[in-house]
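Here is how the chains run, residue by residue.
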Amino acid sequence: NGEKVQDGYVPFTDEKLAWLKAQGIRTLYYTPSEEKSRCTGGEPLIPEETLEKGMDIAREVEQRLRQNAPLPTKEINGLIDELVEKVVPLKGTTLNLVELKNYDDYTYTHSLNVALLSLLMGKKLGYNEDQLKILGVGGMLHDIGKVKIPLEILNKPERLTPKEFEVMKRHPVYGFEMVKNVYSRFVQSIVLYHHEKVSGTGYPLGKKGTEMGEFAQIASLCDVFDAITSSRPYK
């Protein structure tokens, strides 16, 4: 009947849902905001030109790897240095994390998102600048092994078959092979272990508990967070 049951942006609790069902309400309608999801007030966390640079570098990384060329380490390290410079002085815990969501190309924004989110988590944990740079570089490179995965599997919108998933599960090893002679063992651990789980049910090695290391645990959490908060069909 068009009756308003709750103000916008207020989460529905289990109690509220139970009350609505008790009133016989089975269907809810809402009007989404026409505004882009962007925080207002204050300067963006990361300047637009830095985000653009990050997107360009993410594209260059993929292009070089597909051509079997060396990684653009100078550009990657320079970008992470810029991000660390922005993150280190931050005060408080309320941060504008949504500006990256205004870029539509998930393929390239994902690595940048994971790098930035990892830096922010590392900052919250009191990591020093060298540790933050490890997180940033690892976040940028965590998925580079996917360049070796066939596009029909990589871009498949439906759930992968068991056989296809076995192919997908190789990407951390492929990525590790690409960084093992270029970056430190800590960055290597992020690339190799970012799909491991404390339960031991992850891949590719089935690491348990804290065996994957804290750097990889952070990258793993940020990887999952970005995946489930981004618009893609198979999330």
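Residues numbered from 1 in each chain as written. Predicted model: local features only at pLDDT ≥ 70, side-chain atom pairs only at ≥ 80, totals over all residues. Heavy atoms only, no water.

1. Quick word on the overall build of the protein chain
Formally: Counting from the N terminus, the helices are DSSP H or I runs at least four residues long and the strands are E runs at least two residues long. For each residue, the accessible area found with a 1.4 Å probe, counting protein chains only, is set against the maximum for its type, and the residue is called buried under 20%, exposed over 50%, and partly exposed in between. In this description, contact between two residues means that some pair of their heavy atoms is separated by no more than 4.5 Å. Throughout, the Shrake-Rupley method with a 1.4 Å probe supplies accessible areas, and for residues the shown protein chains are the sole cover considered.
Counting secondary structure elements, the protein chain contains 10 helices and zero strands. Across the protein chain, helices and strands are ordered from the amino to the carboxyl terminus as α-α-α-α-α-α-α-α-α-α. Taken across its 235 residues, the protein chain has 39% of its residues classed as buried. Contacts spanning at least 24 positions in sequence make up 67% of the contacts within the protein chain whose residues lie at least 6 apart. As displayed, the protein chain has an accessible area near 14,500 Å², and 52% of this comes from carbon and sulfur atoms.

2. Description of the pattern of salt bridges
To keep things clear, this is the line we draw: Salt-bridge detection follows one rule: a side-chain nitrogen of Lys or Arg within 4 Å of a carboxyl oxygen of Asp or Glu.
Tallied over the entire structure, the rule returns nine salt bridges. Lys53 is the salt-bridge partner of Glu82, the closest N and O atoms lying 2.2 Å from each other. Taken together, the positions of Glu82 in helix 3 (residues 73-87) and Lys53 in helix 2 (residues 48-66) put the pair 29 residues apart, joining distant regions of the chain. When its relative accessible area of 23% is taken as the criterion, Glu82 is described as partly exposed. The partner of Asp56 in a salt bridge is Arg59, and the shortest N-O contact between them spans 3.3 Å.

3. Regarding the confidence of the model for the protein chain
Rule in force here: pLDDT gives the predictor's per-residue confidence on a scale running from 0 to 100.
In this model, the protein chain carries an average pLDDT of 85, and 83% of its residues clear a pLDDT of 70 or more. The least confident element of the protein chain is helix 1 (residues 14-22), whose mean pLDDT is 80; the most confident is helix 9 (residues 185-193), at 98. For residues 33-41, every residue scores under 50 in pLDDT, and the model assigns this stretch nine contacts once sequence neighbours within four places are set aside.

4. Some words on the packing of helix 5 (residues 129-141) against helix 9
If you want to describe how two helices pack, look at the angle between their axes and the distance between the axes. What counts, and what does not: For helices, the fitted axis covers only the stretch in contact; all axes are lines through C-alpha atoms, and the angles between them, taken along N-to-C directions, range from 0 to 180 degrees. Take the far helix as your reference; a near helix turned counterclockwise from it by less than a right angle gives a left-handed crossing, and one turned clockwise gives a right-handed crossing. We call Asp, Glu, Lys and Arg charged. Ala, Val, Leu, Ile, Met, Phe, Trp, Tyr, Cys and Pro are nonpolar, and the rest, Gly among them, are polar.
Contact pair helix 5 / helix 9: the axes reach a minimum separation of 9 Å and the direction vectors enclose 35°. As helix 5 runs across helix 9, the sense of the crossing is right-handed. The residues of helix 9 that touch helix 5, namely those facing Ile134, Leu135, Val137, Gly138, Gly139 and Leu141, are Phe186, Val187, Ile190 and Val191. Here the contact of helix 5 with helix 9 is built from residues that sort into eight nonpolar, two polar and no charged.

5. Structural notes on the packing of helix 4 (residues 106-124) against helix 5
Definition in use: Each angle is binned into one of four classes, with values under 35 degrees roughly parallel, values over 145 roughly antiparallel, values of 65 to 115 roughly perpendicular, and all other values oblique.
Orientation of helix 4 relative to helix 5, taken along the N-to-C sense of each, is 160°, at an axis distance of 7 Å. Compared by their axis directions, helix 4 and helix 5 come out roughly antiparallel. Seen along the crossing, helix 4 lies across helix 5 with a hand that is right-handed. Packed against helix 4, whose contacting residues are Ser111, Leu112, Val114, Ala115, Ser118, Leu119, Gly122 and Lys123, the element helix 5 presents Leu132, Leu135, Gly136, Gly139 and Met140 at the interface. Its residues placed into classes, the contact of helix 4 with helix 5 shows seven nonpolar, five polar and one charged.

6. Structural notes on the side chain of Asp223
Checked against the element boundaries, Asp223 lands in helix 10 (residues 214-228). When its relative accessible area of 7% is taken as the criterion, Asp223 is described as buried. The residues touching Asp223, leaving out its near neighbours within four places in the chain, are His110, Val114, His142, Asp143, His194 and His195.

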